[in-house]
Each structure stands twice: as C-alpha cells, then as structure tokens.
Amino acid sequence: MTITKLSRRDVAPDLEAYQTLFAQPDLATETDSLPGELQARLHYALDQFLYPQAISDFLLVKAPEEPEYLELLAEATRELRSSSPELSGVQYEVNGSSVTLTPATSAEDNFASHGPIIQADWVEAEQLFGCVRQFNGNITLQPGLVHQANGGVLVLSLRSLLSQPLLWMRLKNIVTHKRFDWLAFDDSRPLPVSIPSMPLSLKVMLVGERESLADFQEIEPELCEKSIYSEYEDTLQVVDEETQKLWCQWVWHIARGLNLPGPDASAWPLLIQEGARYTGDQQTLPLSPLWISRQLREAAAFCEGDRFNAEQLTTMLNQRQWREGYLAERMQDEILLDQILIETEGEQIGQINALSVIEFPGHPRAFGEPSRISCVVHVGDGEFTDIERKAELGGNIHAKGMMIMQAFLMSELGLDQQIPFSASLTFEQSYSEVDGDSASMAELCALISALANVPVSQSLAITGSVDQFGRAQPVGGLNEKIEGFFAICQQRGLTGKQGVIIPSANVRHLSLAQDVQQTIEAGEFSLWAIDDVADALPLLTQLIWDGEGQTTLLQTIHERIAQANQQDTRHRPWALRWLNWFNAN
C-alpha cells in the first residue's frame, strides 16, 4: 500500500536551489534571438537548409502561424547565415513596348537583391509575384516578395498558401526551376508587353501547425518527403541550473525586444510556477513568445520601472483570474445554493465526489467543478448499467473506462457464478455528454461502496483513471480540478478533513494557486497521492480492500453475495412449486 500525503513543496515547482540564480544580474544580458541551446534541432535544420548544396530548397517547420514566430525564425536564419550573399537579380528596362533585362550591377537596380530573409504571415498574388502596371501608356514593373528575397530565404505561413492553391503551384515552379516567368493574373487581361524571364534562386521556409502540415503532405507527398523538416519546441525541460538560467535569459530577451519590464529576483518563482501550470509539468517551462509576452505585458501595467516584483505579478494574476472568473463563480454559486447537490461533509453509501474540468467555447479559462457520482445496487442478474451510456450521454472513452473498471472488480471477486446483484452508475445532475476516463477510479470506489454497503467520506474528492489491475493512471486538468473542489470547501468552511486523492503519476503536474498552497501548509486541506485503488479505499471508507486479520471490503462483499445466494436458494423451491401449480392449472 502506497499512500503519500503531499506537502506544500510537492504541489508546485521546487525552486529553492535556484534562489541565488534569480538574483544574478547576467540574466538580463543580451542573447541570440533563438538560442541554439533552446532549439538545437531547429538550429541543425536551419544549418542544413542554408547550406548551398542543401538537399532541398524547402524547409517545413512545425510552429504556430503567428507573426511573432515568423519573425523569430527569420531573425534566427539571419544570425546563422555565415556570410552575406552576393548581389543577384536583374535590371529591367522598359522602352515603349520593348522590355529588356541585364544582370544587376548595383543594389539600386530595380530587381536587384542581396538575398535578405523576408517573412510574411499572409500573401496575395501581386504581393508575392509583383505585377505589371500600365498608366497613360507608361509601363512599370513592380517587384514582389520573390524578387526581393532573390538569393535569400522567404518565410511564409503555410495556411495562406493552402487557401490559395494556384499561388502555391506557381511559387513551387519558381523555386524548382529557379526562373521567374511573368504571367497575367487574369486570362481575360493579358500582359501589355512581352517580358523576358529572369533567373531567380530562392529558398522557402513554410511554417505551419500540425494540421496545416498534414494537409500540405496530402497535397504534396513527394515534396514533403524531400523537404527538410523540423519543429519549434514550445517547451523546455528544466533539468539543472543551466537550463533554468537559459529560460530566464529567454524571458529577458523577449522583454527587451518588446521594450517591457522583466522580473526581479522575487518575481521569478511565481512566474515559473505560472509557466509550469501552463505546460502542465513542474519540470517543463514554456518557450512560447506569445505566452511569455502576455505575462510581461499584463505585469507591465502594475509597475513603473524596468522590473516587476512578486507582489505586482501576484496582483496581475489575481486581477486576471477575477476578470475571467465570472462563469466559474456562477457555477460555484449553483453548488453553494444547493441547486447542484455536492456534499463536502459526512458519509454516504454509493456516493462519491469526482472532479471535472469545464471548458466552454469562447471562454478563455478552463475551471474545475466537483461532480457527484452515485451507484445503486439491488438483487439482480449481475448487470452493470452505465446510465450515461444508456441515455446516449456517455462517450466511447467513458464507456471504455466503465468496462475496464468492471473487469477489475469481477477479476478480484473471482466468482464461479454470476454475481447476484445488479448495479447502476451515473453522474447526478449532468445533462450533457460525458466523456473521458478520468472518473473511472471514482466510479469504481462508488461501486465497491454500494456492493459492500459501506459509506464513503464526502469530505474527499478523487480523480484518476484505473486499469484492469486496479492501478491508478494519470489524468489531465489536475490544478483546475483540485482548485474547483477547494473553492467549494473553502466557501462552506474548511474543516481540516477535506482533501483530494490523485494518482501518484500526477504529482509532477501540480502547480496550485498560492491560497491552496498556504492552506495545505496549514493542514486545513490535504492532498494524497496513490498508486492503486486499494490505496484510495482506506481513505474513503476507513476499510482496506483486502488483507488478513481484519474486516475488509472484499470480505464484506463476499459475505453479502453469499447471503444473497442463500436467500435465493431458500426461495427457489417455493418458486418451483408455484410454477408447477400454475402450469397444472
């Protein structure tokens, strides 16, 4: 049996070892736009891409299709390029209805280029390929992005090209054949003059999310196979002081780029806890420039200098939670006003508090809410009824969790014949679809409570999925789930007996709010980590699942089954006599 009561140090990233690091002034020193230590795979891909004899002129990068990421990748490409490219391009000269070209000799030539790195999150035909304009008989040629980036790299959002297939096909032909041909965008309006083609050498970096890359692969399977591929890694695994320092320097790099204040020594622990909450792992921090810039921008409103402290960051986070918390508060009010029945004290047979995460479309913040699961057992033929599934409100994953839970229980009971009871389980006061297996541990405990006729403590809530051997498996949304139950207990009044049971594998995912941490430290609210359903049952019912020399839940269930079988045997002769009399008459 492995039951671990968690301390405050367990429920958030442990940063004691880094306190001296946070006070170091060199955290704010200048760094590369995309340090190689943070993005080693991406840097290697860029090196391959920039190599003159690269295996492909296309680089596919999995990253958010946002301007911040495109600028980041473009700047990193500029820094990695070993030397400035030579002058390339041409000089077009228009003489009436005749257009000639000569190789560029000066950067002032109209289609000359020094091979810059250019990025664009959206492109149109004229913007990308240039155009031919005619006004009062005068013809001018307007260069596009492909001409401006000639000899260099064009960084584009994949989404914009997927929505304009003809644009992509022309760009692909230009890069593949290393030649630019002037074409009319509209077949009904041909070019006013014939324009000679120009040589054009271009590398293209296509940036897209996983879905965009999948769509692109379906359209261009051969090109994808030949292209260089890499990913922008959005998280950093913190394994030592050096990687922690790298992350802090990255935060300062973004702060300087946006001309925003950065954290002082007191603010780092809270910012790191918020980062771990965002990634869902105590040892992992976000590298997303969007997430980091949001924290810096909002904190900047509460400070006047070039640094913000822990108090100012706390104020910002509390204000954000309050600003976004209307919906969560209304849901909590429903529970506190007994419109949704959730008990946080006392004991009940076959009833348990499970935990759910609520995500509403259009709402920026997920929040936790306790759910009441009930189980009723009666004499029957051994059928276990999932009411959610019967009512077509249960999803496939939830149904799978229910079947796994039942398989474990039947295996543990080891009966030679069908169990003489039927059971029904449901989420009470749930009127929408239920899916996921994160409540299967709670459902199993409620079923065992109902079969053994032993009450469950309502002061506790539990989350976690269960496998066919009864082992607790990790689930998502731990911080929101715990804080949702804590909020109800706190507003009703903490008794010191309330708490939450979670799988041991989920401990590393904890990064709880400061008020929850303080309450755990004071002993007014508790968290327990378990490895098996047998660890959870003593906390919930005060009885162990199985053992020798004492009353156990398994023994109690077997006794109840034996008693039901004896009653069935005594009643069966009377039933047979009645049936015979009925048939004779």
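Just so it is clear, the structure is predicted and the values come from calculations on it, not from any experiment.

A. Quick peek at the pattern of salt bridges. Following the criterion strictly, the structure yields 24 salt bridges and no others. Linking Arg9 and Glu16 is a salt bridge whose minimum nitrogen-to-oxygen distance equals 2.9 Å. Here Arg78 makes a salt bridge to Glu71, at a shortest N to O gap of 3.8 Å. The class for Glu71 is partly exposed, based on a relative accessible area of 33%. It is possible to trace a salt-bridge network through shared partners that takes in Arg294, Glu298, Arg320, Arg323, Glu324 and Arg365.

B. Representation of helix α13 (residues 310-323). Compared with the 20 Å implied by 1.5 Å per residue over 14 residues, the 20 Å span of α13 between its first and last C-alpha is a close match. Of the positions making up α13, those classed as buried are Leu313, Met316, Leu317 and Arg320. Take α13 and look down its axis: the buried residues cluster within an arc of 95 degrees, on one side only. Of the residues in α13, the exposed ones pointing more than 90 degrees away from the buried face are Glu311 and Trp322.

C. Summary view of the packing of aromatic side chains. Inspection of the entire model under this criterion finds 14 aromatic pairs. With centroids separated by 6.3 Å and ring planes inclined at 25 degrees, the aromatic side chains of Phe22 and Trp268 adopt a geometry described as stacked. Of the two residues, Phe22 is situated in helix α1 (residues 19-22) and Trp268 in helix α11 (residues 268-279); the sequence distance between them amounts to 246 residues. In this structure, Phe22 and Trp268 share a single accessibility class: buried. An aromatic cluster is defined as three or more aromatic residues linked by ring pairs; in this entry it consists of Tyr92, Phe111, Phe180 and Trp182. Across from the ring centre of Phe129, 4.4 Å away, lies the NZ or CZ of Arg170, which sits over that ring. In this arrangement the basic side chain of Lys203 is found over the ring face of Phe49, its NZ or CZ atom lying 5.5 Å from the centre.

D. View of the sheet that holds strand β24 (residues 460-462). Judged by pairing direction, the sheet is mixed, and its 8 strands sit side by side in the order β1-β28-β27-β24-β19-β20-β22-β21 without closing on themselves. Two strands bound the open sheet, and with one partner strand each, they are β1 (3-5) and β21 (384-386). Strand after strand, the sheet turns through a mean of 30 degrees between neighbouring axes, direction not considered. By the bridge criterion, 5 bridges tie strand β27 (residues 499-503) to strand β28 (residues 526-530) in an arrangement that is parallel. Bridge pairing in β28 links Pro503 to Ile530.

Thresholds, definitions, all that
- Residues numbered from 1 in each chain as written.
- Predicted model: local features only at pLDDT ≥ 70, side-chain atom pairs only at ≥ 80, totals over all residues.
- Heavy atoms only, no water.
- Salt bridge = Lys/Arg side-chain N within 4 Å of Asp/Glu carboxyl O.
- Buried < 20%, exposed > 50% of the residue type's maximum accessible area, 1.4 Å probe, protein only.
- Helix = DSSP H or I, 4+ residues; strand = E, 2+ residues; numbered from the N terminus.
- Expected span 1.5 Å × (residues − 1).
- Arc of directions from axis to C-beta.
- Phe/Tyr/Trp six-rings, centres within 6.5 Å; stacked < 30°, edge-to-face > 60°.
- Lys NZ or Arg CZ within 6 Å of the ring centre and 35° of its normal.
- Pairing = 2+ DSSP bridges.
- Axes fitted to C-alpha atoms, helices over the stretch in contact; angles between N-to-C directions.

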